[in-house]
Amino acid sequence: MSTIDRSRSAFTPATTARTAAPEKKSLNPLEKLANMAKEGIADLPRFLKMGADVFEATTVAEVSKLFGGSAKPDRMFDGQFVGAQGQTFPPGTSLNQMPGVTPKNNPNPSETILYVNGIMTPLEGQLKEMQSIAETSGAKVVGIHNSTQGLASDLAQCVTDKLDKGSNPAVDTLADTLYTELKAGRDVHLMGYSQGGLITARALSHVEQRLRLEDGLSKAETEKLLSHLKVETFGAASTKYVDGPQYVHYVNNADPVPTLTGLGGSVDPLAFMKDAGKGAVVHRFTDGNLNPISNHMLDTLYMKHRVSFDEARAGHF
């Protein structure tokens, strides 16, 4: 398989139809920079709260357990399915048996989206992201939880995911689920955010290998079966995706995660080393402020730029 990102050249900026709202013409460059800084600073309390949530879900829970507390660390949910109201279900549970998160104005949507979260996200954080996805897409959302054990451990796991080394329960659950659904003749719509996009890419690679090695399918047969998968990634940390699935990748040029560790921004001298997957649509846009964490957020940034899957595949952003 070619390792070329076939979505654009290495030196030609990708054009996009949607960007951040234009600044007032009366602002000079220094005023614009000051406003961006103010927006970034205004977001800091939310990020501090996120850090506190992660600390509570990992370190505090571990200490509580040592002293006889009943709290369970977030890693206890690693690779579990997540449904409505934060209910968790073991790997192997049928997708149609789980009550997912639904839009507030539609309790019975016709489509289901399978979602994998990124780093530093405890279970309740993923649940909030699932609600945002449900409201934006109009679909029922079922999660596969990628647990957090703190920043250092999460980043180390990203490295092993990129190298396809070691065990990651979220990868195993997603790969087994996709294989089962495909073999049963069912389509699947999945989303991966940040490390969740990396987990998605790794799981798809495992499914491809299983279809080729265990089932003896040819490359063409494998790609045809994988075409039943609709895959959306947001700020993902993967540089390579297998051929076959229908892909839409969202990349914010102001987000360091996908631009430095993923498919790259609109101008990327390393584009020749990356592969978005055959026929992939890569939507690059620029939005955000001077806070790189803010520019990476799923619910408050990427979901603003998402359009329906069919519109995205047609390039209508």
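Basis of the calculations
- Residues numbered from 1 in each chain as written.
- Predicted model: local features only at pLDDT ≥ 70, side-chain atom pairs only at ≥ 80, totals over all residues.
- Heavy atoms only, no water.
- Helix = DSSP H or I, 4+ residues; strand = E, 2+ residues; numbered from the N terminus.
- Buried < 20%, exposed > 50% of the residue type's maximum accessible area, 1.4 Å probe, protein only.
- Contact = heavy atoms within 4.5 Å.
- Areas by Shrake-Rupley, 256 points an atom, 1.4 Å probe, with all protein chains shown as cover.
- Expected span 1.5 Å × (residues − 1).
- Pairing = 2+ DSSP bridges.

Some details on the overall build of the chain
- Scanning the chain from N- to C-terminus turns up 10 helices and 8 strands.
- Counting only residues that meet the buried cut, the chain has 48% of its 317 residues in that class.
- Long-range contacts, defined as pairs at least 24 residues apart, comprise 72% of the intrachain contacts of the chain with a sequence gap of at least 6.
- Total accessible area computed for the chain in this model is approximately 15,000 Å², and 58% of it derives from carbon and sulfur atoms.

Some thoughts on helix α3 (residues 123-137)
- Between the first and last C-alpha of α3 there are 21 Å, a value that for 15 residues agrees with the 21 Å anticipated at 1.5 Å per step.
- Along α3, the residues classified as buried are Leu123, Gln126, Glu129, Met130, Ser132, Ile133 and Ala134.
- Looking one or two residues past α3, glycine 138 carries a phi angle of roughly 80°, positive in sign.

Some thoughts on the sheet that holds strand β2 (residues 88-89)
- Overall, mixed pairing links the 8 strands, which are arranged β2-β1-β4-β3-β5-β6-β7-β8 in an open sheet. Every other strand in the sheet has two partners, leaving β2 and β8 (281-285) as the edge strands with one partner each.
- In this structure, strand β1 (residues 81-82) lies alongside β2, joined through 2 bridges in antiparallel fashion. Bridged to valine 82 within β2 is threonine 88.

This is a description of form; function is not addressed.
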